[in-house]
Amino acid sequence: MIWITAEVDGKKYKEPFSKGILSRSLNVADIGVEKAHDIASDIEVYLIVNNVAEISSKDLAEVVLYHLESIDHNIAVKYKNWRSLRNSEEPLIILIGGASGVGTSSMAFELANRLRLKNLISTDMIREVMRKIISKDLSPVIHKSSFDAYESIRIPSIRVDPIIEGFINHVDVVNVGIEAIIERSIKEGISTIIEGVHLVPGFINPKLIEENNIIMFTLIVGDEESHKQRFYSRCRQPWVRRSLERYMDNFGIIRKTQDFLVDQAKIYDIRVIDNVEINETIEIMVADILEKYGGE
């Protein structure tokens, strides 16, 4: 058996070499599951042939990097950047925003799997917690959905679209909880993905998101019919207790919200991704994240 050694907080520990774990880490570099497994197997053979019974995680990473360089320099760079990300003392915090139905939840789940991150939080959950704390009389806007929050405005502004005004008020309240999660993640050093409609460029305290370890994306679905199909697919699932009719009745509002999110993203130079195909969206996000760490 081959043992991998590492040091955490001054204490050494070791664990058995695993082709499965290594292949999953290799897959971050976008080489495919089968190829990643083949490379992991080749590295295991290399260690056995060279009578390596114990190797540090750092030295193993160098062996992997050398092997990848012989295959494809670009893949090796991606793997090196991923190692920088994993070894960073700062937590990785990823914010994925987008209007209802564009797939922020699905993309956050897929990205968490790709980057092997365990903490995934929805802004809808943050909102639900805040609803238990804040009464409807005190803040009626938080007890509405993001697309019908305008109904709670007592005196709408004459200078702002009431739909967007309601959405802004809704986001402002939930943003208190979002910032608390970000602050806690930074303090505790916990890498986290936060996703949801309430993640709007320009609304989060800039001091919290100006660091390299925090990256934000805005997802959209550019084609209206494709956007509608997302709701049809979602509401067909037996475990989903959401009304398709409610979404369709408010579809125009949801599209208007998306336009606002895109405008905000352009102002604050946040990457906008048309979430047409899952794998393509994930590759764009992973590439941006790895490039950011590689440029440190």
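Residues numbered from 1 in each chain as written. Predicted model: local features only at pLDDT ≥ 70, side-chain atom pairs only at ≥ 80, totals over all residues. Heavy atoms only, no water.

Q: Which parts of the structure should I look at to understand the overall build of the protein?
A: Each helix and strand in the protein was counted, giving 12 helices and eight strands. Expressed as a percentage of the 296 residues in the protein, the buried residues total 46%. Intrachain contacts of the protein at a sequence separation of at least 6 include 71% that bridge at least 24 residues. Total accessible area computed for the protein in this model is approximately 16300 Å², and 49% of it derives from carbon and sulfur atoms. Between the centroid of the 36 positive side chains of the protein and the centroid of its 45 negative side chains there is a distance of 5 Å. (Helix = DSSP H or I, 4+ residues; strand = E, 2+ residues; numbered from the N terminus. Buried < 20%, exposed > 50% of the residue type's maximum accessible area, 1.4 Å probe, protein only. Contact = heavy atoms within 4.5 Å. Areas by Shrake-Rupley, 256 points an atom, 1.4 Å probe, with all protein chains shown as cover. Lys, Arg positive; Asp, Glu negative; His and termini not counted. Charge placed at Lys NZ, Arg CZ, Asp CG, Glu CD.)

Q: Please explain the sheet that holds strand E6 (residues 192–196) as it appears in this structure.
A: Note: strands within a sheet are paired through backbone hydrogen bonds, in either parallel or antiparallel orientation. Strand order in the open sheet formed by five strands is E5-E6-E4-E7-E8, and the pairing between neighbours is parallel. Of all the strands in the sheet, the pair left with one neighbour each is strand E5 (119–122) and strand E8 (271–274). Averaged over neighbouring strand pairs, the angle between their axes works out to 20° when direction is ignored. In the packing of helix H6 (residues 123–133) onto the sheet, contacts are made with E5 and E6, and the angle to E5 comes to roughly 60°. Together, strand E4 (93–98), strand E7 (214–220) and E8 form the strand contacts of helix H11 (residues 251–267), whose direction differs from that of E7 by roughly 145°. (Pairing = 2+ DSSP bridges. Axes fitted to C-alpha atoms, helices over the stretch in contact; angles between N-to-C directions.)

Q: In this structure, what is going on with the environment of glycine 103? I would like to understand it.
A: Here glycine 103 shows up in the loop between E4 and helix H5 (104–115). Placed 160 residues apart in sequence, glycine 103 and aspartate 263 show a C-alpha to C-alpha distance of 19 Å. Setting aside residues no more than four positions away along its own chain, glycine 103 makes contact with Leu219, Arg230 and Asn275.

Q: Can you walk me through helix H7 (residues 162–188) in this structure?
A: Residues that lie three or four places apart on an α-helix share one face, since the helix turns once every 3.6 residues. Relative to the 39 Å expected for 27 residues at 1.5 Å per residue, H7 spans 39 Å between its end C-alpha atoms, a close match to the ideal helical length. Largest kink in H7: about 35°, centred on valine 174. At the N-terminal boundary of H7, the capping side chain belongs to aspartate 161, with an oxygen 2.8 Å from the backbone nitrogen of isoleucine 163. Backbone geometry just after H7 places glycine 189 at a positive phi near 70°. (Expected span 1.5 Å × (residues − 1). Bend = angle between axes of the 7 residues up to and from the residue. Polar contact = N/O pair within 3.5 Å; in protein donor to acceptor, adjacent residues only side chain to side chain.)

Q: Would you mind going over the pattern of salt bridges with me for this structure?
A: When the charged atoms of two side chains lie near each other, side chains of opposite charge can form a pair. Taken as a whole, this structure holds 12 salt bridges when the rule is applied. The residue lysine 19 makes a salt bridge to glutamate 44 at a minimum N-O spacing of 3.5 Å. Note that lysine 19 is positioned in helix H1 (residues 19–26) and glutamate 44 in helix H2 (residues 33–49), a separation of 25 residues in sequence. A relative accessible area of 28% means that lysine 19 is categorised as partly exposed. (Salt bridge = Lys/Arg side-chain N within 4 Å of Asp/Glu carboxyl O.)

Q: What exactly am I supposed to notice about the environment of glutamate 277 here?
A: Along the chain, the position of glutamate 277 falls in the loop between E8 and helix H12 (278–294). At a separation of 3.1 Å, a polar atom in the side chain of glutamate 277 contacts the main-chain amide nitrogen of asparagine 279.

Q: Would you mind going over the packing of H2 against helix H3 (residues 57–69) with me for this structure?
A: When two helices pack together, their arrangement is given by the angle between the helix axes and the distance between those axes. Viewed as axis vectors pointing N to C, H2 and H3 meet at an angle of 120°, and their least axial separation amounts to 11 Å. In terms of their interaxial angle, H2 and H3 are classed as oblique. Considering the relative orientation of H2 and H3, their crossing is right-handed. Residues Ile39, Asp42, Ile43, Tyr46 and Leu47 of H2 touch H3, and the partners they reach there are Leu60, Val63, Val64, His67 and Leu68. (Parallel < 35°, antiparallel > 145°, perpendicular 65-115°, else oblique. Left-handed = near helix turned anticlockwise from the far one by under 90°.)

Q: Looking at this model, I keep getting lost on the nonpolar core. Mind explaining?
A: In summary, soluble globular proteins display a tendency toward joint burial of nonpolar side chains. Ranked by internal contacts, the top residues of the largest apolar core, which has 62 residues, are Leu26, Ile94, Leu111, Leu115 and Ile289. Of all the elements, H3 adds the most residues to this core, at six residues. In this structure, isoleucine 94 is in contact with Leu111, Leu115, Leu117, Thr192, Ile193, Ile194, Ile215, Phe217 and Ile289, ignoring residues within four places of it in sequence. Counting 20 residues, the second largest nonpolar core, distinct from the first, contains Val174, Leu208, Ile214 and Ala265. (Core = buried A, V, L, I, M, F, W, Y, C linked by side-chain atoms within 4.5 Å.)

Q: Got a minute to help me understand the packing of H3 against helix H4 (residues 73–87) in this structure?
A: Direction vectors running N to C along H3 and H4 enclose 160°, while the axes themselves pass 7 Å from each other. Judged by the angle between their axes, H3 and H4 are roughly antiparallel. Seen along the crossing, H3 lies across H4 with a hand that is right-handed. Where H3 abuts H4, its residues Ser57, Ala61, Val64, Leu65, Leu68 and Glu69 lie against His73, Ile75, Ala76, Tyr79, Lys80 and Arg83. Taken together, the residues of the contact of H3 with H4 sort by class into seven nonpolar, two polar and three charged. (Nonpolar A, V, L, I, M, F, W, Y, C, P; charged D, E, K, R; others polar.)

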